[in-house]
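Structural characterization, general
The primary structure of each chain is shown beneath.
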Amino acid sequence: MAISIKSSATSTASTVTGPSDIVAGDLLILLDMALSFDDYPTLVTPSGFTSIGDVTVSYFNYHRQNLSYKIADGSEASASITGMNGTDGNRKCLLVVTGDGAITSVTPASYNEQGTNVDPTSQTVTSGSGGAPLIVVGGYGAASDIDPRTFSPAKDGEINPNGNGNLYL
């Protein structure tokens, strides 16, 4: 099966609107970050999504970041998808992946995470052990702009909410 990035959406609210071109069998990948001054935001995985993993870090406020996915049933097109809601801010990146046929299963593997207030260490993805087609996803979240963002092999693209420099998928 051939796969490709179909569309994307971003948000700085507790919800993100699914692109209008989502159809049943598309794969939705959501990177959700919430920030609060008083405590870690409550982990919320949107209805129907499966969390791949979440990470927390405290610097001058509390951050929680959650990566999740869902095989679309088509109802997500132009629909509001509710995620985490921080008292100090929210960032969401939604990626829509399509195949030349309906995507029927997803097997997340080799999930790495690091919560730090300094430059993170290099993360190794062992995608060579999986069966094709493969999707390698990197999610970056920080209290301030992230630059540079390195990914090897080179990334095909990236999305971030409204030009805000502190969350990328």
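Residues numbered from 1 in each chain as written. Predicted model: local features only at pLDDT ≥ 70, side-chain atom pairs only at ≥ 80, totals over all residues. Heavy atoms only, no water.

**With respect to the sheet that holds strand β5 (residues 62-71)**
Spatially, 5 strands are ordered β1-β7-β3-β5-β4 in an open sheet, and the strand pairing comes out antiparallel. If you trace the sheet from one side to the other, it starts and ends with β1 (3-11) and β4 (50-58), each paired once. The average undirected angle you get between the axes of adjacent strands in this sheet is 15°. Inspection of the sheet shows strand β3 (residues 27-36) paired to strand β7 (residues 89-99) by 9 bridges, in the antiparallel sense. If you follow A34 over to β7, its bridge partner there is N90. (Pairing = 2+ DSSP bridges. Helix = DSSP H or I, 4+ residues; strand = E, 2+ residues; numbered from the N terminus. Axes fitted to C-alpha atoms, helices over the stretch in contact; angles between N-to-C directions.)

**Notes on the side chain of Q65**
Looking at the element boundaries, Q65 is found in strand β5. With a relative accessible area of 13%, Q65 lands in the buried category. A polar atom in the side chain of Q65 sits 3.5 Å from the backbone nitrogen of G141. Beyond its immediate sequence surroundings of up to four residues, Q65 is in contact with L31, D32, M33, G53, D54, V55, M84, G139, Y140, G141 and L167. (Buried < 20%, exposed > 50% of the residue type's maximum accessible area, 1.4 Å probe, protein only. Polar contact = N/O pair within 3.5 Å; in protein donor to acceptor, adjacent residues only side chain to side chain. Contact = heavy atoms within 4.5 Å.)

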